[in-house]
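Overview (structure and organization)
Single-letter residue listing:
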Amino acid sequence: MKHETDVLVLGAGIVGVSAALHLQQRGRDVVLVDRNAAAGDETSYGNAGLIEVASVQPYLFPRDLGHLLRYALNRSADVHYHLSGLPEFGPWLLRYFMASSPESAARIAKAALPLIRQSLAEHEALIDEAGVPELLRKTGWIKLFRTEASFGKNVAELDGVKRFGVTADVLDNAALAAREPNLMGNFAGAIHWLEPGFIPDPGALVKAYAALFARKDGRFLRGDALTLRQQSGGWHITTDDGVVSAREVVVTLGPWADLVFRPLGYRIPLGFKRGYHQHFTSRGNAVLQHPVLDADRGYLLAPMNRGIRLTTGAEFARRDAPPTPVQVTRARALARDLFPLGEAIEPQPWMGARPCLPDMLPVIGKAPRHVGLWFDFGHQHHGLTLGPVTGRLLAEMMTGAEPFADPKPFALERFG
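Before going into details, it helps to say that this report is about the structure given with it. What you see is a predicted model; the values in this text were computed from it and never measured.

1. Some points on the layout of surface pockets
Each pocket or cavity is described by its volume, and for the second largest pocket that value is around 470 Å³. Elements with a minimum of two residues in the lining of the second largest pocket: helix H3 (86–99), helix H8 (258–261) and strand E13 (271–282). A total of five residues in the lining of the second largest pocket trace back to one element, the largest contributor, which is H3. Across the lining of the second largest pocket, the residue classes break down as twelve nonpolar, one polar and seven charged.

2. Quick word on helix H4 (residues 102–130)
Counted at 1.5 Å a residue, the expected span for H4 with its 29 residues is 42 Å, and the 41 Å between its end C-alpha atoms agrees. Positive phi shows up at Gly131, right after H4, with a value of about 75 degrees.

3. Points about the pattern of salt bridges
Scanning the entire structure with this criterion turns up 23 salt bridges. Residues Arg319 and Asp258 are paired through a salt bridge, measuring 2.8 Å at the closest nitrogen-oxygen approach. Taken as a pair, Arg319 in the loop between strand E17 (314–316) and helix H9 (326–335) and Asp258 in helix H8 lie far apart in primary sequence, 61 residues in all. The exposure classification of Arg319 matches that of Asp258, with both residues buried. Here Glu346 ties to Arg306 by a salt bridge, and the two come within 3.2 Å at their closest N and O atoms. With Glu346 in the loop between strand E18 (341–344) and strand E19 (350–356) and Arg306 in the loop between strand E15 (299–304) and strand E16 (307–311), the pair connects residues that are 40 residues apart, well separated along the chain. The exposure class of Glu346 is buried, given its relative accessible area of 13%. Classification of Arg306 by relative accessible area gives partly exposed; the value is 45%. Taken together, the shared-partner salt bridges connect Arg26, Glu122, Arg392 and Glu396 into one network.

4. Examining the packing of H4 against helix H7 (residues 202–215)
Each pair of packed helices gets described by two things: the angle between the helix axes and the distance between those axes. Where H4 contacts H7, the two axes come as close as 9 Å, and the packing angle between them is 65 degrees. Judged by the twist between their axes, the crossing of H4 over H7 is left-handed. Listed contacts from H7 to His123, Leu126, Ile127, Glu129 and Ala130 of H4 are Leu205, Ala208, Tyr209, Leu212 and Arg215. Taken together, the residues that form the contact of H4 with H7 break down as seven nonpolar, one polar and two charged.

5. Some thoughts on the packing of aromatic side chains
Taken as a whole, this structure holds ten aromatic pairs when the rule is applied. Seen from their ring centres, Tyr45 and Trp350 are 6.0 Å apart, and the 70 degrees between their planes marks the pair as edge-to-face. Of this pair, Tyr45 sits in the loop between strand E2 (30–34) and strand E3 (50–51) while Trp350 sits in strand E19; the two residues are 305 residues apart in sequence, bridging distant segments of the chain. Centroid distance Phe61 to Tyr96: 5.4 Å. Interplanar angle 85 degrees. Geometry classified as edge-to-face. Placement of the pair is Phe61 in the loop between E3 and helix H2 (65–72) and Tyr96 in helix H3, with a sequence separation of 35 residues. Among the aromatic residues, those joined into a ring-pair cluster are Phe61, Trp92, Tyr96 and Phe97.

6. So, the pairing of strand E1 (residues 2–10)
Burial within E1 is extensive, with seven of its nine residues counted as buried. In this sheet, strand E12 (residues 242–251) lies alongside E1 in parallel orientation, the contact comprising eight bridges. Bridged to Glu4 within E12 is Ser245. Pairing between E1 and E2: four bridges, direction parallel. Residue pairing in the sheet places Leu8 in a bridge with Val31 of E2.

7. Looking at the environment of Trp193
Mapped onto the secondary structure, Trp193 falls in strand E7 (residues 189–193). Its relative accessible area of 11% is what places Trp193 among the buried residues. When near neighbours in sequence (up to four residues on either side) are disregarded, Trp193 contacts Ala54, Gly140, Trp141, Lys143, Leu158, Val161, Val166, Thr167 and Ala168.

8. Overview of empty space enclosed by the protein
This structure, assessed with the given rule, holds one cavity of 30 Å³ or more. In this model, the largest cavity occupies a volume close to 110 Å³. Together, 17 residues line the largest cavity, and Ala112, Ile116, Met360, Gln380 and His382 are the ones closest to its centre. No other element matches H4, which puts five residues into the lining of the largest cavity.

9. Some points on the nonpolar core
Counting residues in hydrophobic clusters, the biggest one holds 78 residues, and the most contacted among them are Val9, Val17, Leu23, Leu115, Trp193, Tyr209 and Val250. The contact partners of Leu23, leaving out residues within four places of it in the chain, are Val7, Val9, Arg28, Val30, Val250, Ala395 and Met398. Of all hydrophobic cores here, the second largest spans 31 residues; its members include Leu8, Ala246, Val249 and Val251.

10. Brief notes about helix H10 (residues 383–398)
Approximately 30 degrees is the largest bend angle found in H10, and it occurs at Val389. Extensive coverage of H10 is indicated by the burial of 14 of its 16 residues. Gly400, located one to two residues past H10, shows a positive phi value of around 80 degrees.

How each quantity is defined
- Residues numbered from 1 in each chain as written.
- Predicted model: local features only at pLDDT ≥ 70, side-chain atom pairs only at ≥ 80, totals over all residues.
- Heavy atoms only, no water.
- 1 Å grid on protein atoms, 1.4 Å probe; cavity = no way out; pocket = protein on both sides within 12 Å on 5 of 7 lines; lining within 4 Å.
- Points joined across faces, edges and corners; volume = space filled by probe spheres on them.
- Helix = DSSP H or I, 4+ residues; strand = E, 2+ residues; numbered from the N terminus.
- Nonpolar A, V, L, I, M, F, W, Y, C, P; charged D, E, K, R; others polar.
- Expected span 1.5 Å × (residues − 1).
- Salt bridge = Lys/Arg side-chain N within 4 Å of Asp/Glu carboxyl O.
- Buried < 20%, exposed > 50% of the residue type's maximum accessible area, 1.4 Å probe, protein only.
- Axes fitted to C-alpha atoms, helices over the stretch in contact; angles between N-to-C directions.
- Left-handed = near helix turned anticlockwise from the far one by under 90°.
- Contact = heavy atoms within 4.5 Å.
- Phe/Tyr/Trp six-rings, centres within 6.5 Å; stacked < 30°, edge-to-face > 60°.
- Pairing = 2+ DSSP bridges.
- Core = buried A, V, L, I, M, F, W, Y, C linked by side-chain atoms within 4.5 Å.
- Bend = angle between axes of the 7 residues up to and from the residue.

Here it is as C-alpha cells:
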C-alpha cells in the first residue's frame, strides 16, 4: 500500500514528536516514523527530567588541570571513557575542547539563549493541550557542593547569569535541610535553581505528546530510516503499512542521525555522550522533594514516578559498544551516603547516548544539497528541554513564518 503526506518526520523521541506537532499546528499533514512501535522509548526516556530554562551557559569541556587529571585516571563517577574508542571520539573531544574557550562559550550561549529561555513555555503549552498537567512539577532542582571552592565558583557564576532573568536561592546547610530533610552530610552550600520544570516520567511525556499528535489526525508508523530514498521530486520510506511518500523529510534521529546523513554525503561531527540510570526504592519513609545534583561527586538523584532515579554523567565510547555501567556502581555507593536509597528496581541499569555536536548547539534547518531535506538533531544534554522549542523553530522555517529566534547559528553550513 502507498501513502502520501506533506512531511515525513524520522524519529519519535521528544525532538521528533515535538517537530511533528508544530508542523501539524501549521497545517502540514505529517507522518511520524520510528523503528519502535511506541514513542519515547530511546534517548528521551533516560534523563534527569529537567526542563533547563535556567541553563543559559553551555556544558563546557573542563580546562583546569585538576579536572583533566582526574578524568584521565578514569575512576570518577561523572566521566568515564573507553580507551579502545579513543581513535573514534578523540578528534571530536579536541573540537569540543576548542569550542569551550571563553570566546566561543559566549557566542554559543548567546545563540542558545532564546531557545533555553522559551523552553518551559513551549512545554507548558503542549502539556496543557495534551491534558497531562501531572507530568510537570515546578520544583526546580538543587545543586549541592562539598567544597568551598566549588560553591564559591558557582555562586559567582550565578551572579553572572542573573542578568538573563535567572532566579535561584543560595542555601546554607539549615536552609537545605528545610527543603530536603532526608539528605545526609555537611555541605559547603547549595544552589536551588527555582525556574526549571521537572518531569517525573520523561518517557510518559513523550507518549502523551505522541497521543496528542494522533488525536489531531497525525499518523505514527513503524519503519526503518535506512529505507529512505529521494526520487520523483520527493522522499520515500518503507513502513509496516507500506511505502510513504512526502515532499519533505525531517531527520530527528538523535544519536542515529548519521545513519541517514552520511550516506547522503554530509560530514557532520556528531559525537556521543553515553549515560546510564537506574531506579531505587527509598528506605523507611524517606522522601526526595527535588532533583538533587551532587556536583563535586558527579551524579544526580531525581524523584521519578518509578522510584529514585540515579543518573550518571558522560561516558565517551562508541555509540554501539556494549554497556559498561561502572559509573552507576561508583555513584550508587556515593549516593547512599547522601540519601537512604533502598534496593534497585531494575536488575540492570538503562543506557542511552546523547547526540552531541562539538560546539554544543544542535543542527536545525535545511540540508544544502537536497531539496526537501531538513535536520533537527544534536541537542546534547538538553534534548528534553529543547525538543518543543526547536520543533517550533524548525516548523517556522519550513512553513515560511518569521522565526522567533535567529536560526543561523544552528545551520549545517557552520561545519563547512
